[in-house]
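Close look at the chain arrangement
One letter stands for each residue in the lines below.
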Amino acid sequence: MNQELVLEYSEKQELRGTLEDFQGMSRVQEPGCKDELCMYLKTRREIITEIRFTITESACPPVKACAALAAETALNKPVMEAYLIDADRLSEGFGGLPKESMHCAMMAEIALKKAIKDYVSKRG
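Residues numbered from 1 in each chain as written. Predicted model: local features only at pLDDT ≥ 70, side-chain atom pairs only at ≥ 80, totals over all residues. Heavy atoms only, no water.

Another aspect to go through is the overall build of the protein. Check the secondary structure of the protein and you find five helices and three strands. What you see in the protein, going N to C, is helices and strands ordered as α-β-β-β-α-α-α-α. Over its C-alpha atoms the protein spans a radius of gyration of 13 Å, differing by no more than 12% from the 14 Å that the globule rule assigns to 124 residues. Referenced to the eigenvectors of the C-alpha coordinate spread, the extents of the protein come out at roughly 40 × 25 × 25 Å. A buried classification covers 45% of the 124 residues belonging to the protein. (Helix = DSSP H or I, 4+ residues; strand = E, 2+ residues; numbered from the N terminus. Rg over C-alpha atoms; globule rule 2.2 N^0.38 Å. Buried < 20%, exposed > 50% of the residue type's maximum accessible area, 1.4 Å probe, protein only.)

Quick look at the structure:
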C-alpha cells in the first residue's frame, strides 16, 4: 500500500460536499466503525458530470481515500462504466490495500453503485 497516496487522497477536498438537485444519491454506513458515506451525482446524456461525497470526519484515512478515488474515477464516465468500478480497482489505485482495509474500498464501491442505482430508478 502506498501510504503517502492514501493520505493525499484522504485529504482531498475537491469532490467533497453535497449537490443541489442531485439525480442519484446513496447513504452507506459501515456496521463496525459506524462511518457514514454519502454520494451524490448528476448526469448529462448518461455521463456523470458532477459527483460529490460526504463522509464522517472521524473516518480513517483509507475510507476517505477510497471515497475520493471512487468519485474521481467515476467523474466524466458513462454511468454504466462507472458502475463497474469495484473495490479491487480502488485498492489497486493505492498499490493494494491490506486485507484489514479492504472494507474501506468495499464501502466506496457500494456507495457509488447505490447512487447509480438510485439515478437509474428515477429516470424511468
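Moving on from the coordinates now.
Another aspect to go through is the nonpolar core. Membership of the largest hydrophobic core comes to 38 residues, with the highest contact counts inside it found for Leu37, Met39, Ile48, Ile51, Phe53 and Phe94. Counting residues per element, the ones that place at least two in this core are α1 (3-10), β2 (36-44), β3 (47-55), α2 (61-74), α3 (79-83), α4 (87-93) and α5 (102-123). With ten residues, the top contributor of residues to this core is α5. Setting aside anything within four residues of it in sequence, one finds Ile51 in contact with Leu15, Leu19, Met39, Tyr40, Leu41, Ala71, Ala74, Leu75 and Leu112. (Core = buried A, V, L, I, M, F, W, Y, C linked by side-chain atoms within 4.5 Å. Contact = heavy atoms within 4.5 Å.)

Let us look at the side chain of Asp35. Examined against the element boundaries, Asp35 turns out to sit in the loop between β1 (24-29) and β2. This buried residue, Asp35, is left without a salt bridge; Lys64 holds the nearest opposite charge, at 8.4 Å. Look past the residues within four positions of Asp35 in its chain and what remains in contact with it is Val28, Gln29, Glu30, Thr56, Ser58, Ala59, Cys60, Val63 and Met107. (Lys, Arg positive; Asp, Glu negative; His and termini not counted. Salt bridge = Lys/Arg side-chain N within 4 Å of Asp/Glu carboxyl O.)

Counted by the stated rule, this structure contains two aromatic pairs. Measuring from ring centre to ring centre gives 5.5 Å for Tyr9 and Phe94, while their planes differ by 80°; the resulting arrangement is edge-to-face. On the criterion of sequence distance, the pair formed by Tyr9 in helix α1 and Phe94 in the loop between α4 and α5 is long-range, its members being 85 residues apart. The two residues Tyr9 and Phe94 agree in class, both being buried. Over the ring of Tyr83 we find Lys113; its NZ or CZ atom is 4.9 Å from the centre of that ring. (Phe/Tyr/Trp six-rings, centres within 6.5 Å; stacked < 30°, edge-to-face > 60°. Lys NZ or Arg CZ within 6 Å of the ring centre and 35° of its normal.)

Okay, unusual backbone geometry next. Despite not being glycine, Lys34 shows a phi value in the positive range, around 70°. By secondary structure assignment, the location of Lys34 is in the loop between β1 and β2. Unlike most non-glycine residues, Asn76 shows phi in positive territory, near 70°. Within the secondary structure, Asn76 is located in the loop between α2 and α3.

This model, assessed by the stated rule, comprises seven salt bridges. Between Lys113 and Glu109 there is a salt bridge, with the nearest N and O atoms lying 3.3 Å from each other. Residue Lys113 and its partner Glu109 are located together in helix α5, separated by four residues, close to a single helical turn.

Looking now at the confidence of the model for the protein. In the predicted model, the protein carries a mean pLDDT of 95, and the fraction of residues at 70 or more is 99%. Here α1 stands out as the least confident element of the protein, with mean pLDDT 95; β3 is the most confident, with 98. (pLDDT = per-residue confidence, 0-100.)

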